[in-house]
Structure formats: structure tokens, C-alpha cells
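# Examining the three-dimensional arrangement
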Amino acid sequence: MLSLVPTDDSIWTSMFAFQIPPTEKVIRTIGVYLAIALVIRLFGKRTLAQMNSFDLVVVLLLSNVVQNAIIGPDNSLIGGLLGAVVLVVFNAVVDRIAFLGPRTERIFEGSPTVLVRDGTIDEQAVRRVGLRDHELSTALHKQGADGPGEVRLAELQPGGTFNVELQREYQAASTGELREAVTELRRHLDERLTELESRLAAPGS
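Residues numbered from 1 in each chain as written. Predicted model: local features only at pLDDT ≥ 70, side-chain atom pairs only at ≥ 80, totals over all residues. Heavy atoms only, no water.

### Remarks on the overall build of the protein
Note the cut-off: Elements are defined by DSSP. Helices are runs of H or I of four residues or more, strands are runs of E of two residues or more, and each kind is numbered from the N terminus. Using a 1.4 Å probe on the protein chains alone, a residue whose accessible area is under 20% of its type maximum counts as buried, one over 50% counts as exposed, and one in between counts as partly exposed. We call two residues contacting when some pair of their heavy atoms lies within 4.5 Å.
Per the secondary structure count, the protein includes nine helices and four strands. Sequence-ordered secondary structure for the protein, helices as α and strands as β, is α-α-α-α-α-α-β-β-α-α-β-β-α. Within the protein, the proportion of its 205 residues that are buried is 24%. If you take every contact in the protein between residues at least 6 apart in sequence, the share linking residues at least 24 apart comes to 65%.

As C-alpha cells, then:
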């Protein structure tokens, strides 16, 4: 009769014995990492910026789609741990290489996309990154602009964040500017008050 209870040897073997060569595991992990990084580098800027329901479906399914490509026929614990370590270490190496200089950063991260300049929307750039009109309007509104006419420069960064610079007349005043305005107003009031006192103190007034 066959025993349905696994023996101690089979448990330890399934957990700590590689079912594929470790070198293959490393190559599979790095290959999938590079492939996904390339896809995101080419098509993912908009997804990182404004994720809609379809983008969410893609993100949720992506891990399942590439899972077998990473693990292959290896379901062991040691194989999974090795894949995790390879991912973390390789990602750290890529990050360090990417920030060696502006050129490598541009190669790995990409460059910002200008969407609005001096109140004018670059329709071609907006279509290229796949943003809808309401998504762009929402992004500008979150940065304090009521519309593109108030924007001097709006860029979509490689990481999916928006960098919006408002026209000077629409920018919020800084603390220093408010303090300077209050000082100027106080000086003006003091001058008017001094002038008024002089008139009242003058003979025949």
C-alpha cells in the first residue's frame, strides 16, 4: 500500500533540493527582469502616471504570466529564495549603474516628456505617452493649475510623476514674498500716517 504521508526525506528534498540548475534559475530571473524593465521603459510611463482599470488588470496578471518563466519546473523553497535574492541584488546593481551619470540615467530611466509649455498642450506628446484629456487635466489640477493656460511647463517624468511649473502670476506667494509685501504695506501706511499728522499739525489746518 502506498503511503500518502510524505517521508522526512521527501519533505527536505522538495524544500532544499534544486529541481533545475541554480545557473538556469539565475539566468531565468535576470532575463525576465530585463524583459519587464524594457517593456516598462518603452510603454510604462503612462501606466506609472495614471493607472486605469485596464492597467490594473495588466499589473495583476503580469506576475502570473511571467511566473513560470522564472521558476520553471522548480517549486523548491531554496529555488524561490535564490530567485528573490537575485532579483534584489540585480536591481540594486542596475540602480547603481543607472545613477553613475546623466547619460546612464537617461539610458536606463529615460527622459522627461514635455506635455505643456507656456500654456499650450503638446498634443503629439500627450498622445505618445497615452494620456487622455481628463487624465492630464486631473494631473494639472493636483499640481495647483485650473487649466493649461496657467502652466508654464508640465513634464511627465520617467518614474510617472508630474512636474508642473505655473506661470508667475499663478504661483502661490512664498513666505518671504508675503513678509516683503507686509513690510511694504506697513511702510506705505506709516508714510501716509506721517503725512496726515503733518497736515493736522500745520498752522491754519
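### Here we look at the sheet that holds strand β1 (residues 113-117)
Counted only if it meets this: Think of it this way: DSSP has to see at least two bridges between two strands before they count as a pair.
Taking strand neighbours across the sheet as the criterion, the four strands line up as β2-β1-β3-β4 in an open arrangement whose pairing is antiparallel. What marks the edges here is a single partner per strand, and that holds for β2 (120-121) and β4 (162-166). With five bridges connecting them, strand β3 (residues 151-156) and β4 associate as antiparallel partners. Residue pairing across strands places L156 opposite F162, the latter belonging to β4.

### Some remarks on the packing of helix α2 (residues 22-43) against helix α5 (residues 77-98)
If you want to describe how two helices pack, look at the angle between their axes and the distance between the axes. Threshold: The convention used is that axes are lines fitted to C-alpha atoms, helices contributing only their stretch in contact, and that angles between N-to-C directions extend from 0 to 180 degrees. Convention used here: angles under 35 degrees read as roughly parallel, angles over 145 as roughly antiparallel, angles from 65 to 115 as roughly perpendicular, and any remaining angle as oblique. If you view the pair so one helix is near and one far, a crossing is left-handed when the near helix is turned anticlockwise from the far one by less than a right angle, and right-handed when it is turned clockwise.
At a minimum axis separation of 9 Å, α2 and α5 run at an interaxial angle of 45 degrees. Our classification of the angle between α2 and α5 gives oblique. Handedness of the α2/α5 crossing: right-handed. Contacts between α2 and α5 involve P22, K25, V26, T29, I30, Y33 and L34 on the former and, on the latter, G79, L82, G83, V86, L87, F90, N91 and V94.

### Let's talk about unusual backbone geometry
Even without being glycine, D118 reaches a positive phi, approximately 55 degrees. With respect to the secondary-structure elements, D118 resides in the loop between β1 and β2. What makes D118 exposed here is its relative accessible area of 52%.

### Observations concerning the pairing of β4
The alternating pattern of β4 places F162, V164 and L166 on a buried face, while none of N163 and E165, on the opposite face, is buried. Where β3 folds back onto β4 in an antiparallel hairpin, the turn is made up of five residues, including G160, whose phi is positive at roughly 95 degrees.

### A word on α5
We apply this condition: What a helix is expected to span follows from its residue count: subtract one and scale by 1.5 Å. Picture the helix axis, draw a direction to every C-beta atom, and the arc is the one those directions span. Each polar contact in these results corresponds to two N or O atoms within 3.5 Å; when the atoms are within protein, one needs to be able to donate a hydrogen and the other to accept it, and residues that are neighboring in sequence are counted only if both atoms are side-chain atoms.
Compared with the 32 Å implied by 1.5 Å per residue over 22 residues, the 32 Å span of α5 between its first and last C-alpha is a close match. If you check which residues of α5 are buried, you get G79, G83, V86, V94 and A98. In an axial view of α5, the angular spread of the buried residues amounts to 85 degrees, which keeps them on one side of the axis. What points out from α5, more than 90 degrees from its buried face, is the exposed set V88 and R96. Where α5 is buried, its residues touch α2 and α6 (102-109). With a side-chain oxygen lying 3.1 Å from the backbone nitrogen of G79, the N-terminal cap of α5 falls on S76.

### Some words on the pairing of β1
Across a regular strand the side chains alternate sides, sitting on one face of the sheet and then on the other. As paired elements, β1 and β3 share four bridges and run antiparallel to each other. Its bridge partner being in β3, V116 is matched across the sheet by A154. When β1 meets β2, the two strands line up antiparallel, connected through two bridges. Bridge pairing in β2 places V116 opposite I121. Between β1 and the antiparallel strand that follows it, β2, lie two residues; D118 among them carries a positive phi value of about 55 degrees.

### Digging into the nonpolar core
Here is the rule we go by: Among the buried residues, those of types Ala, Val, Leu, Ile, Met, Phe, Trp, Tyr and Cys that are joined through side-chain atoms within 4.5 Å form a nonpolar core.
By size, the foremost hydrophobic cluster in this structure holds 16 residues, and its most contacted members are L115, L140, V151, F162 and V164. Broken down by secondary-structure element, the contributors of at least two residues to this core are β1, α7 (123-129), α8 (133-142), β3 and β4.

### Quick look at the side chain of T29
Inspection of the secondary structure assignment puts T29 in helix α2. A relative accessible area of 1% places T29 in the buried class. Apart from the residues lying within four places of it in its own chain, the contact partners of T29 are I70, G83, V86 and L87.

It is worth stressing that arrangement in space is one thing and function is another; only the former is reported here.
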